[in-house]
Amino acid sequence: EVIVKKIPPPPGDSAKPFRALIFDSVYDLFQGAIAYVRVVDGNVARQESLRLIASAFHTKSYEIGVLKPERTPVEMLSAGDIGYITTGIKQAMIVRVGDTIATARVFEIEPLPGYQEPKPMVFAGFYPLDAKELALLQDALQKLKLNDAALTFEPARQEALGQGFRVGCLGALHLEIVKERLKREFN
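Residues numbered from 1 in each chain as written. Predicted model: local features only at pLDDT ≥ 70, side-chain atom pairs only at ≥ 80, totals over all residues. Heavy atoms only, no water.

1. What about the sheet that holds strand S10 (residues 100–103)?
Consideration 1: Across the sheet, eight strands lie side by side as S5-S4-S10-S1-S2-S9-S6-S7; this open sheet has antiparallel pairing. Since the sheet does not close on itself, it has two edges, and those belong to strand S5 (57–60) and strand S7 (71–73), each with one partner. When strand polarity is set aside, the average angle formed by the axes of neighbouring strands in this sheet is 40°.
Consideration 2: The pairing of strand S6 (residues 63–67) with S7 spans three bridges and is classified as antiparallel. In the sheet register, Val 66 faces S7, and the bridge partner there is Thr 72. (Pairing = 2+ DSSP bridges. Helix = DSSP H or I, 4+ residues; strand = E, 2+ residues; numbered from the N terminus. Axes fitted to C-alpha atoms, helices over the stretch in contact; angles between N-to-C directions.)

2. Observations concerning the sheet that holds strand S11 (residues 122–126)
Working definition: the strands of a sheet are paired by backbone hydrogen bonds and lie parallel or antiparallel to each other.
Consideration 1: Reading across the sheet, the three strands line up as S11-S13-S12 and stay open at both edges, with antiparallel pairing between neighbours. Sheet topology places S11 and strand S12 (152–158) at the edges, where each strand pairs with a single neighbour. Averaged over all pairs of adjacent strands, the angle between their axes in this sheet comes to 30°, without regard to strand direction.
Consideration 2: Relative to strand S13 (residues 162–169), S11 runs antiparallel, the two being bridged by five bridges. Following the sheet pairing, Phe 126 is matched in S13 by Phe 165.
Consideration 3: The strands touched by helix H2 (residues 134–146) within the sheet are S11, S12 and S13, with S13 carrying the most contacts at an inclination of about 15°.
Consideration 4: Sitting on the sheet, helix H3 (residues 172–186) touches S11 and S13, and the angle it makes with S11 is about 25°. (Contact = heavy atoms within 4.5 Å.)

3. Section: H3
Residues spaced three or four apart along an α-helix point in a common direction, a consequence of the helix completing one turn every 3.6 residues.
Consideration 1: If you check H3, its first and last C-alpha atoms are 21 Å apart, about what 15 residues at 1.5 Å a residue would give, namely 21 Å.
Consideration 2: Where the residues of H3 are buried, they touch S11, H2 and S13.
Consideration 3: Phi turns positive one or two residues past the end of H3, at Asn 187, with a value near 60°. (Expected span 1.5 Å × (residues − 1).)

4. What about the packing of aromatic side chains?
Consideration 1: Scanning the entire structure with this criterion turns up two aromatic pairs.
Consideration 2: The cationic tip of Arg 71 hangs over the ring face of Tyr 84; the distance from NZ or CZ to the ring centre is 5.8 Å.
Consideration 3: Taking the ring centre of Phe 123 as reference, the NZ or CZ of Arg 166 above it sits at 4.0 Å. (Phe/Tyr/Trp six-rings, centres within 6.5 Å; stacked < 30°, edge-to-face > 60°. Lys NZ or Arg CZ within 6 Å of the ring centre and 35° of its normal.)

5. Regarding the environment of Asn 187
Consideration 1: Structurally, the position occupied by Asn 187 is in the segment after H3.
Consideration 2: Placed 60 residues apart in sequence, Asn 187 and Tyr 127 show a C-alpha to C-alpha distance of 14 Å.

6. Points about the nonpolar core
As a rule of thumb, soluble globular proteins bury nonpolar side chains together.
Consideration 1: Ranked by size, the top nonpolar core spans 20 residues in total, and within it Phe 18, Val 37, Ile 85 and Ile 101 carry the most contacts.
Consideration 2: Of all the secondary-structure elements, those providing two or more residues to this core are strand S1 (19–28), strand S2 (32–41), strand S4 (49–52) and S6.
Consideration 3: Ranked by residues supplied to this core, first place goes to S2 with four residues.
Consideration 4: Among all residues touching Ile 85, those that are not within four sequence positions of it are Phe 18, Ala 33, Ile 34, Ala 35, Val 37, Val 44, Leu 50, Ser 61, Glu 63, Ile 64 and Ile 101.
Consideration 5: Counting residues in hydrophobic clusters, the runner-up holds 15 residues, among them Ala 124, Leu 137, Ala 140 and Leu 182. (Core = buried A, V, L, I, M, F, W, Y, C linked by side-chain atoms within 4.5 Å. Buried < 20%, exposed > 50% of the residue type's maximum accessible area, 1.4 Å probe, protein only.)

By themselves, these are just geometric observations and shouldn't be taken as functional.
What follows is the structure in C-alpha coordinates.
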(Lines give C-alpha, C1' and ligand atoms only; values in the text may rest on other atoms or scores of the structure.)
Protein backbone atom coordinates (compact mmCIF):
# COMPACT_ATOMS: atom_id res chain seq x y z
CA GLU A 1 0.00 0.00 0.00
CA VAL A 2 2.85 2.41 0.84
CA ILE A 3 4.52 1.76 -2.51
CA VAL A 4 1.29 2.52 -4.38
CA LYS A 5 0.87 5.78 -2.43
CA LYS A 6 4.50 7.00 -2.70
CA ILE A 7 5.37 6.00 -6.28
CA PRO A 8 3.20 7.77 -8.86
CA PRO A 9 1.93 5.93 -11.94
CA PRO A 10 3.87 6.52 -15.17
CA PRO A 11 2.86 9.70 -17.00
CA GLY A 12 1.13 9.48 -20.35
CA ASP A 13 -2.19 9.99 -22.03
CA SER A 14 -4.03 7.02 -23.58
CA ALA A 15 -6.25 9.40 -25.56
CA LYS A 16 -3.32 10.82 -27.59
CA PRO A 17 -1.94 9.13 -30.72
CA PHE A 18 0.45 6.25 -30.06
CA ARG A 19 4.15 6.95 -29.59
CA ALA A 20 6.80 4.93 -27.80
CA LEU A 21 10.53 5.02 -27.10
CA ILE A 22 12.65 2.15 -28.43
CA PHE A 23 15.08 1.35 -25.61
CA ASP A 24 16.48 -1.90 -26.99
CA SER A 25 15.96 -4.32 -29.87
CA VAL A 26 16.87 -7.85 -30.88
CA TYR A 27 16.83 -9.69 -34.18
CA ASP A 28 14.92 -12.89 -34.79
CA LEU A 29 15.59 -14.79 -37.99
CA PHE A 30 11.86 -15.42 -38.62
CA GLN A 31 10.20 -12.37 -37.04
CA GLY A 32 12.78 -9.73 -37.99
CA ALA A 33 13.63 -6.87 -35.65
CA ILE A 34 11.80 -6.90 -32.33
CA ALA A 35 11.71 -3.49 -30.65
CA TYR A 36 11.54 -3.25 -26.85
CA VAL A 37 9.51 -0.14 -26.12
CA ARG A 38 8.18 2.11 -23.39
CA VAL A 39 4.77 3.43 -24.42
CA VAL A 40 4.60 7.16 -23.66
CA ASP A 41 1.22 8.08 -25.19
CA GLY A 42 -1.73 6.28 -26.72
CA ASN A 43 -2.04 2.56 -27.25
CA VAL A 44 -1.13 0.02 -29.90
CA ALA A 45 -2.78 -3.21 -30.98
CA ARG A 46 -1.69 -6.07 -33.20
CA GLN A 47 -1.60 -5.45 -37.00
CA GLU A 48 -1.54 -1.67 -36.59
CA SER A 49 0.36 0.51 -39.10
CA LEU A 50 3.39 2.15 -37.48
CA ARG A 51 6.33 4.31 -38.50
CA LEU A 52 9.79 4.81 -37.10
CA ILE A 53 10.27 8.58 -37.01
CA ALA A 54 14.09 8.93 -37.25
CA SER A 55 14.50 6.33 -39.99
CA ALA A 56 11.20 7.31 -41.75
CA PHE A 57 10.25 3.65 -42.18
CA HIS A 58 6.69 2.26 -42.19
CA THR A 59 5.82 -1.18 -40.80
CA LYS A 60 3.13 -3.09 -38.91
CA SER A 61 2.92 -4.41 -35.37
CA TYR A 62 2.84 -8.12 -36.21
CA GLU A 63 2.90 -9.11 -32.54
CA ILE A 64 2.87 -7.06 -29.35
CA GLY A 65 3.46 -8.22 -25.83
CA VAL A 66 5.13 -7.87 -22.46
CA LEU A 67 8.17 -9.51 -20.88
CA LYS A 68 7.29 -11.85 -17.97
CA PRO A 69 10.38 -12.68 -18.15
CA GLU A 70 9.85 -14.38 -21.55
CA ARG A 71 7.95 -12.61 -24.32
CA THR A 72 4.20 -12.99 -23.72
CA PRO A 73 1.75 -11.71 -26.39
CA VAL A 74 -1.04 -9.34 -25.29
CA GLU A 75 -3.94 -7.66 -27.09
CA MET A 76 -2.85 -4.07 -26.45
CA LEU A 77 -0.07 -1.92 -24.98
CA SER A 78 -1.15 1.38 -23.41
CA ALA A 79 0.53 4.52 -22.06
CA GLY A 80 2.93 3.60 -19.26
CA ASP A 81 3.44 0.00 -20.42
CA ILE A 82 6.80 -1.61 -21.17
CA GLY A 83 6.73 -4.29 -23.84
CA TYR A 84 7.83 -5.39 -27.27
CA ILE A 85 6.66 -4.92 -30.85
CA THR A 86 7.54 -7.43 -33.54
CA THR A 87 8.09 -5.28 -36.64
CA GLY A 88 8.99 -7.84 -39.30
CA ILE A 89 11.77 -5.53 -40.51
CA LYS A 90 14.61 -7.62 -41.95
CA GLN A 91 17.15 -4.76 -42.16
CA ALA A 92 18.45 -4.64 -38.61
CA MET A 93 19.88 -1.12 -38.91
CA ILE A 94 16.45 0.52 -39.39
CA VAL A 95 15.26 -0.11 -35.81
CA ARG A 96 17.45 2.29 -33.80
CA VAL A 97 17.72 2.51 -30.04
CA GLY A 98 16.40 5.91 -28.92
CA ASP A 99 14.08 6.33 -31.91
CA THR A 100 10.37 7.06 -31.55
CA ILE A 101 7.88 4.57 -32.96
CA ALA A 102 4.47 6.10 -33.66
CA THR A 103 1.19 5.44 -35.39
CA ALA A 104 1.31 5.86 -39.16
CA ARG A 105 -2.14 7.52 -39.29
CA VAL A 106 -1.02 10.82 -37.71
CA PHE A 107 1.99 12.64 -39.24
CA GLU A 108 2.12 15.59 -36.83
CA ILE A 109 3.47 13.42 -33.98
CA GLU A 110 6.47 14.96 -32.24
CA PRO A 111 9.40 12.60 -31.71
CA LEU A 112 10.41 12.00 -28.12
CA PRO A 113 13.23 14.34 -27.05
CA GLY A 114 16.85 13.30 -26.79
CA TYR A 115 17.48 11.19 -29.89
CA GLN A 116 20.64 12.09 -31.81
CA GLU A 117 22.68 10.17 -34.32
CA PRO A 118 25.86 9.04 -32.54
CA LYS A 119 29.14 10.33 -34.00
CA PRO A 120 31.98 7.80 -34.02
CA MET A 121 35.40 9.01 -32.90
CA VAL A 122 37.54 5.87 -33.29
CA PHE A 123 37.70 3.78 -36.47
CA ALA A 124 39.12 0.32 -37.13
CA GLY A 125 39.20 -2.08 -40.04
CA PHE A 126 37.59 -5.51 -39.52
CA TYR A 127 38.53 -8.11 -42.13
CA PRO A 128 37.64 -11.82 -42.13
CA LEU A 129 40.49 -14.34 -42.36
CA ASP A 130 38.60 -16.17 -45.11
CA ALA A 131 36.86 -14.14 -47.85
CA LYS A 132 33.92 -16.57 -47.67
CA GLU A 133 33.13 -15.30 -44.15
CA LEU A 134 32.48 -11.70 -45.24
CA ALA A 135 28.70 -12.24 -45.26
CA LEU A 136 28.88 -13.75 -41.74
CA LEU A 137 30.84 -10.73 -40.50
CA GLN A 138 28.32 -8.34 -42.05
CA ASP A 139 25.42 -10.25 -40.50
CA ALA A 140 27.12 -10.21 -37.09
CA LEU A 141 27.77 -6.46 -37.30
CA GLN A 142 24.13 -5.81 -38.25
CA LYS A 143 22.84 -7.84 -35.31
CA LEU A 144 25.27 -6.13 -32.93
CA LYS A 145 24.13 -2.73 -34.22
CA LEU A 146 20.57 -3.55 -33.12
CA ASN A 147 21.35 -2.92 -29.46
CA ASP A 148 24.45 -0.74 -29.88
CA ALA A 149 23.22 2.48 -31.47
CA ALA A 150 26.69 4.07 -31.41
CA LEU A 151 28.24 1.41 -33.67
CA THR A 152 28.66 2.31 -37.33
CA PHE A 153 30.19 0.33 -40.17
CA GLU A 154 30.64 0.57 -43.91
CA PRO A 155 32.25 -1.68 -46.52
CA ALA A 156 36.00 -1.22 -47.03
CA ARG A 157 38.57 -2.78 -49.31
CA GLN A 158 42.32 -3.02 -48.86
CA GLU A 159 44.72 -4.40 -51.41
CA ALA A 160 46.50 -6.66 -48.89
CA LEU A 161 43.50 -7.61 -46.71
CA GLY A 162 40.66 -7.88 -49.23
CA GLN A 163 37.10 -6.90 -48.42
CA GLY A 164 36.01 -6.00 -44.91
CA PHE A 165 34.40 -3.21 -42.94
CA ARG A 166 35.42 0.17 -41.52
CA VAL A 167 33.91 0.14 -38.02
CA GLY A 168 33.29 3.37 -36.10
CA CYS A 169 33.04 3.46 -32.30
CA LEU A 170 32.76 6.11 -29.59
CA GLY A 171 36.19 5.35 -28.15
CA ALA A 172 38.88 2.71 -27.62
CA LEU A 173 36.92 0.93 -24.86
CA HIS A 174 33.83 0.78 -27.06
CA LEU A 175 35.96 -0.70 -29.86
CA GLU A 176 37.30 -3.40 -27.51
CA ILE A 177 33.77 -4.27 -26.40
CA VAL A 178 32.57 -4.55 -30.02
CA LYS A 179 35.52 -6.79 -30.86
CA GLU A 180 34.90 -9.06 -27.86
CA ARG A 181 31.16 -9.29 -28.52
CA LEU A 182 31.82 -10.25 -32.15
CA LYS A 183 34.14 -13.03 -30.98
CA ARG A 184 31.94 -14.33 -28.15
CA GLU A 185 28.43 -13.95 -29.57
CA PHE A 186 29.04 -14.53 -33.28
CA ASN A 187 32.29 -16.54 -33.41
